[in-house]
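Inside the fold
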Amino acid sequence: MKKYITMLKYVCCFSILLSILSCADDELFRETNTNKEGFATLDANLLLTTVQASISGGRREQWRTNLVYGEGIVQHLGGSWAASEYGAFYKHNEDYESALWTTNYGDGIVRDLIDIQERTKDKEEFTNLNAIAKIIKVMVFQRLTDTYGNVPFSEAGLGFYQNIYLPKYDNQQEIYTQFFILLEEAFQQLNENADEVTGDNFYGGDIAQWKKMANALRVRCAMRISMVDEAKAITEINAAISNGLFESNADNCFGHHDNTPFNISGAEKSGNGFSQALKGAGAIYDHPTEIILSKLTNDPRKELWFLPGATGVIEGVSANNFRWDHPGGSGNLGVIQPIISNNDSPYLHLSYSEVQLLLAEASQRNLIVGNVQEHYQKGIEAGILQWTSYGATVDASAATAFAASKTLTPGNEIEEIATQQWLTLFTNGMEAYANLRRVNFPILDAVTRLDSQTNGVMPNRLGYPVEESTVNKKNYETANAQYPEGWLSRVWWDIN
């Protein structure tokens, strides 16, 4: 995997070359690529590395969307000005809300991803690369549609290939239908005897791992729609299980990064964007919340994630406070461990722990036949042990013993399973926010501040960029009309 981390150093130089050759309009996603000969000579495998690095290496969306609105809203972390003011207190900031949209549609992730697909489709020499691009397409667009609702999907990124510069916003239900089609196609298409994928930062070109990834992602997507379309969810989960899921933490999907600080010319995506977001200009101003610490009683992850402050005790910030409001001062608050804030920390996209906890929920809800308790305890144990990949020293026997002690309470199973899902998604605020809206657990601390713009009601989505109302007006207005309450309107799958 080391060579794939090293390759990140060249990613942004390649991105610069790409934008020069393609003359992309980075303000939107309506590509105007004009140099067709130059564009066609670029290495699609290197372009894959660019896309993969950009998903977790971009500080803009990792700061504004993942940390501020994701981790802030779900009350994993808080205390800094932005994470509290906008995320925890539920306030609008158009620039922050639009960050994920901007980096995916405007800064090239979607454009580059669609380019890989278009240049490799129906070509035997790119069988595996094309299949992997399909899986990553689901990863990218799942974050987008879960965050905003209806989004450009079927026509996105096709400015160069089909002259579509003002793409329609696809209905979220149809987007999810296409997700399952893409994941099944990718699984069937992946072939260990076909092309070698040389630019893969996630799995180093291991096709067997990608097959499991397609199925694990299929479970996540199926559970996401399980409240609104139970029959479809059952079909898709069982298909994924039949095809083969993650079997241990060895299958976890990580984005790998090197120790590159923020904004290094030619290597902007090499470091972990979330880690860079935590550090900001140097110091870390976010801390564990009171509620996350309350859910970590006797849990080994408490010390893996946090260090004590000045009092020698790990104290949490209130959901209604800035860090400087904390009794005795912010110096008393718990501190985030370096394994999380290091530039070369990996970024966990999808884990064996998450899959096991989703299967526990599916079993409890009778969507599948399974051992609820076994899935639950495996998910907890894996969720602790996965931190060895960050460089943490973990007592495996202690993790096993703790997981074995976690027996589900009759009548309270879904809340306890969902709480563990919330914990295992720590640092992946965007996914934690989506899953929390689906299951409504754990019950977060009440936001009682008078300056909350929602009167303490958690937002159900982020708003579209204001820019869209002018540059893609017709399609924007059609989509925005589906959400009359703005960010309090629910997306299609959120009916609970």
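Relevant structure appears above.
Computed from a prediction, not measured in an experiment: that's the story for all the values here.

1. Focus: helix 14 (residues 230-243)
A rise of 1.5 Å per residue sets the reference length of helix 14, with its 14 residues, at 20 Å; its end C-alpha atoms lie 20 Å apart and thus fit the reference within 8%. The set of residues buried in helix 14 consists of Ala233, Glu236, Ile237 and Ala240. What you see down the axis of helix 14 is that its buried residues fit within an arc of 100 degrees, all on one side. Exposed and facing more than 90 degrees away from the buried side of helix 14 are Ala231 and Ser242. Those residues of helix 14 that are buried lie in contact with helix 12 (172-189), helix 13 (207-224) and helix 19 (352-364). Looking at the residues trailing helix 14, positive phi occurs at Gly244, about 115 degrees.

2. With respect to the side chain of Gln337
Its location among the elements puts Gln337 in the loop between strand 5 (335-336) and helix 18 (338-341). Classification of Gln337 as buried rests on a relative accessible area of 15%. Within the structure, the side chain of Gln337 is placed 2.8 Å from the backbone oxygen of Glu303, a separation counted as a polar contact. Contacts of Gln337, omitting those with residues within four sequence positions, involve Glu303, Leu304, Trp305, Phe306 and Leu307.

3. Overview of the packing of aromatic side chains
Any aromatic ring pair is given by two values, namely how distant the centres are and how the planes are angled relative to each other. Summed over the entire model, instances satisfying the criterion amount to 30 aromatic pairs. Look at Trp81 and Phe322: their rings are 5.3 Å apart centre to centre, the planes differ by 10 degrees, and that puts the pair in the stacked class. Taken together, the positions of Trp81 in helix 6 (residues 81-88) and Phe322 in the loop between strand 4 (306-307) and strand 5 put the pair 241 residues apart, joining distant regions of the chain. Taking relative accessible area as the criterion, Trp81 reaches 46% and is therefore assigned partly exposed. For Phe322, a relative accessible area of 6% puts it in the buried group. Measuring from centroid to centroid gives 5.6 Å for Trp101 and Tyr464, while their planes differ by 70 degrees, and the two rings are edge-to-face. With a gap of 363 residues between them, Trp101 in helix 8 (residues 99-106) and Tyr464 in the loop between helix 23 (429-439) and helix 24 (468-471) connect regions that are remote in the sequence. Accessibility classification places Trp101 together with Tyr464 in one group, the buried group.

4. Details of the pattern of salt bridges
Counting across every chain of the model gives 23 salt bridges. Glu431 is the salt-bridge partner of Arg224, the closest N and O atoms lying 2.3 Å from each other. Residue Arg224 is located in helix 13, and its partner Glu431 is located in helix 23; the two are separated by 207 residues in the primary sequence. Each member of the pair, Arg224 as well as Glu431, carries the same accessibility label: buried. Overlapping salt bridges bring together Asp146, Arg220, Arg224, Glu354 and Glu431 as one network.

5. A short note on the packing of helix 4 (residues 44-57) against helix 9 (residues 109-120)
Helix-helix packing is characterised by the crossing angle of the two axes and by the distance between the axes. Orientation of helix 4 relative to helix 9, taken along the N-to-C sense of each, is 150 degrees, at an axis distance of 9 Å. As far as their axial angle goes, helix 9 and helix 4 are roughly antiparallel. Pair helix 4 / helix 9 crosses with left-handed handedness. Residues Ala44, Leu47, Leu48, Thr50, Val51, Ser54 and Ile55 of helix 4 form the contact with helix 9, whose own contacting residues are Ile109, Asp112, Leu113, Asp115, Ile116, Arg119 and Thr120.

Reading guide: rules and limits
- Residues numbered from 1 in each chain as written.
- Predicted model: local features only at pLDDT ≥ 70, side-chain atom pairs only at ≥ 80, totals over all residues.
- Heavy atoms only, no water.
- Helix = DSSP H or I, 4+ residues; strand = E, 2+ residues; numbered from the N terminus.
- Expected span 1.5 Å × (residues − 1).
- Buried < 20%, exposed > 50% of the residue type's maximum accessible area, 1.4 Å probe, protein only.
- Arc of directions from axis to C-beta.
- Contact = heavy atoms within 4.5 Å.
- Polar contact = N/O pair within 3.5 Å; in protein donor to acceptor, adjacent residues only side chain to side chain.
- Phe/Tyr/Trp six-rings, centres within 6.5 Å; stacked < 30°, edge-to-face > 60°.
- Salt bridge = Lys/Arg side-chain N within 4 Å of Asp/Glu carboxyl O.
- Axes fitted to C-alpha atoms, helices over the stretch in contact; angles between N-to-C directions.
- Parallel < 35°, antiparallel > 145°, perpendicular 65-115°, else oblique.
- Left-handed = near helix turned anticlockwise from the far one by under 90°.

Any functional reading would require information beyond the geometric quantities listed.
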